[in-house]
Amino acid sequence: MASIELSEEQKQFYRKNGYLLGLARIYSTEEMKRINAELPQLLALLEPGETAKDIREWHETSTYLYEMVMNPKIHDLVEGIIGPNFYCWASSFFIKEPFTRETVGWHQDAYYWPMAPHHTVTVWLAFDDVDDENGGMKVVPGSHLHGLLQHKRSTETDSVLSLQLETGTFSEADAVQFKLKAGEVSLHDDRCVHSSPANPSPRRRAGLTFRYSGTEVKNDLSVNPNFKAYLCRGVDEFHLNPEGHPPTQRFGRPSFKAVSIEEAGVGRQG
Ligand SMILES: O=C(O)CCC(=O)C(=O)O
């Protein structure tokens, strides 16, 4: 597979702004068709009352997802941000069906996660073309440089998250609209302020997130006890986290219910 390493300019942009767009495509149109065609088999494992947002860490039990987690092209991008030694610990869907009201309130991922130090990048893989019409993500450039901001219980009843940033802690007017073609990815830092609005359009907006951290990042098992690190590149000199085992079946769900980011370590400082 051809390497798609980040240029020095792209790395600098990420350091300054906390996100990256305009990256080489990870999956071709044909590959995305195949990935989308298989998705219903994963969704079929949901139990009554569950939705796609309950699919968390199923890469641990589904080669369908694990193959994406371990995609060398994605690893090339992550290595440019995190460095040579990193692991993946999370995957989750954010699917907005056409004409739906669900939003993602303004937040910083690191506020929720019981992990230190902050050295995590999210890879957001577009399953559909995503833009301002179907609820694409918005990110505030440079917001990752100001530490963790105060969050409060969400007052947005349609938000899938339970917390949101206090108004006045960031400048919404500065936010950049993410636009991606299916098969492309964006990257964002775990302290970056971001959100996404509802999807009033007739087009689905589905994305799958993967979270990659440097091997020096430790999860607090007392808050997120099922945490498993899957080494992707390099060596783990620190052995701070339990290691995961690759899945053997195409589609399967873990026996545990993964801690959602809303329920995990809330209010950590960093
Ligand atoms: O997909 C979205 O709209 C939000 C995703 C998000 O909050 C994240 O990846 O951290």
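Everything in this summary refers to the structure shown in the same document. Since we're looking at a predicted model, the values are computed, not measured.

Rules and cut-offs
- Residues numbered from 1 in each chain as written.
- Predicted model: local features only at pLDDT ≥ 70, side-chain atom pairs only at ≥ 80, totals over all residues.
- Heavy atoms only, no water.
- Buried < 20%, exposed > 50% of the residue type's maximum accessible area, 1.4 Å probe, protein only.
- Helix = DSSP H or I, 4+ residues; strand = E, 2+ residues; numbered from the N terminus.
- Pairing = 2+ DSSP bridges.
- 1 Å grid on protein atoms, 1.4 Å probe; cavity = no way out; pocket = protein on both sides within 12 Å on 5 of 7 lines; lining within 4 Å.
- Points joined across faces, edges and corners; volume = space filled by probe spheres on them.
- Nonpolar A, V, L, I, M, F, W, Y, C, P; charged D, E, K, R; others polar.
- Core = buried A, V, L, I, M, F, W, Y, C linked by side-chain atoms within 4.5 Å.
- Contact = heavy atoms within 4.5 Å.

The element strand 5 (residues 120–126) is extensively covered by neighbouring structure, given that seven of its seven residues are classed as buried. Of the two faces of strand 5, the one holding Thr120, Thr122, Trp124 and Ala126 and the one holding Val121, Val123 and Leu125 are both buried throughout. Examined bridge by bridge, strand 5 and strand 12 (residues 205–214) share seven bridges and lie antiparallel to one another. When the bridges of strand 12 are listed, threonine 120 appears paired with serine 213. Looking at chain direction, strand 5 and strand 10 (residues 185–189) are connected through five bridges and run antiparallel. Note that in strand 10 the partner of leucine 125 across the bridge is valine 185.

Picture a little ball the size of a water molecule; that probe, rolled over the atoms, points out where space is still empty. Taken as a whole and judged by the stated rule, the model has five cavities of 30 Å³ or more. Its volume calculated, the largest cavity comes out at about 110 Å³. Contributing to the lining of the largest cavity are 14 residues, with Phe94, Val104, Trp124, Met137 and His194 lying nearest its centre. Looking at the lining of the largest cavity, the elements that each hand over two or more residues are strand 3 (104–107), strand 11 (194–196) and strand 12. Of the residues assigned to the lining of the largest cavity, the class counts are five nonpolar, six polar and three charged.

Let us now look at the nonpolar core. By size, the foremost hydrophobic cluster in this structure holds 41 residues, and its most contacted members are Met68, Phe93, Phe127 and Tyr212. Those elements that place two or more of their residues in this core are helix 2 (29–43), helix 3 (63–69), helix 4 (72–82), strand 2 (86–96), strand 5, strand 10 and strand 12. Residue contributions to this core peak at five residues, all from helix 4. Residues contacting phenylalanine 93, with those up to four places away along its chain left out, are Leu39, Leu42, Ala52, Lys53, Ile55, Leu65, Phe127, Gly207 and Leu208. Of all hydrophobic cores here, the second largest spans 17 residues; its members include Ala90, Ala110, Trp113 and Leu161.

These figures come from the coordinates and say nothing about function on their own.
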